[in-house]
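# Working through the structure, step by step
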Amino acid sequence: MIDGDVKAFVDGLYYGDETWFKYGDKHYFIQGWFKDGKHYLVLDYALDYGQYSNNPNDEYKYIWEYSSEDSSECVSAFLEAPLWGGKKFYDVEAEMTWTDPVY
């Protein structure tokens, strides 16, 4: 991972850290939380890259989301999801850049 330690990035996923990163020409935001006995982990585009619809009738959806009673299951699901052009996280993490927050 460019400009960051991939181990620290992944460790933060277990705690739901809010983290911004870039892959290709897109900026992403990942975060998690714990509510009602479940862990949630969601991936989204960073806010300033126009990925949101201005149509109030459109239903908003995350790029990827997962919930479980076990945070390890959420993290494993993210790491194994083919989100990056059909590739998994560890297949492309060397091409990702950990960035400062993007608003």
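Just above sits the structure.
Residues numbered from 1 in each chain as written. Predicted model: local features only at pLDDT ≥ 70, side-chain atom pairs only at ≥ 80, totals over all residues. Heavy atoms only, no water.

### Some details on the sheet that holds strand β4 (residues 64–68)
Threshold: DSSP calls a pair of strands paired once it identifies at least 2 bridges connecting them. Starting at the N terminus, helices and strands are each numbered in turn, a helix being any DSSP run of H or I of at least four residues and a strand any DSSP run of E of at least two. The axes are straight lines fitted to the C-alpha atoms, using for helices just the contacting stretch, and the angles between their N-to-C directions are given from 0 to 180°. Contact between two residues is taken to exist if any of their heavy atoms lie within 4.5 Å; hydrogens are not considered.
Ordered by their spatial adjacency, five strands build an open sheet running β4-β3-β2-β1-β5, and the pairing between neighbours is antiparallel. One side of each edge strand has no neighbouring strand; the edge strands of this open sheet are β4 and β5 (97–99). Between one strand axis and the next, the sheet turns by 25 degrees as a mean value, whatever way the strands run. Packing of helix α2 (residues 71–80) onto the sheet brings it into contact with β2 (26–35), β3 (38–45) and β4, and relative to β4 it is tilted by some 155 degrees.

### Looking at the packing of aromatic side chains
For the record, the criterion: A pair of Phe, Tyr and Trp rings is counted when the ring centres sit within 6.5 Å of each other, with Trp represented by its six-membered ring. The angle between the planes then sorts it: under 30 degrees is stacked, over 60 is edge-to-face, the rest tilted. The buried label applies to any residue whose accessible area, calculated with a 1.4 Å probe on protein chains only, is under 20% of its type's maximum; exposed applies above 50%, and partly exposed to all values in between.
Per the stated rule, a full pass over the model turns up 15 aromatic pairs. The interplanar angle of 75 degrees and the centroid separation of 5.2 Å between the aromatic rings of Phe-89 and Tyr-90 together place this pair among those described as edge-to-face. Tyr-90 gets classed as partly exposed once you look at its relative accessible area, which sits at 47%. A network of ring pairs unites the aromatic residues Phe-9, Phe-21, Tyr-23, Tyr-28, Tyr-45, Trp-64, Tyr-66, Phe-78, Trp-84, Phe-89, Tyr-90 and Trp-98 as a single cluster.

These values are about where atoms sit, not about what they do.
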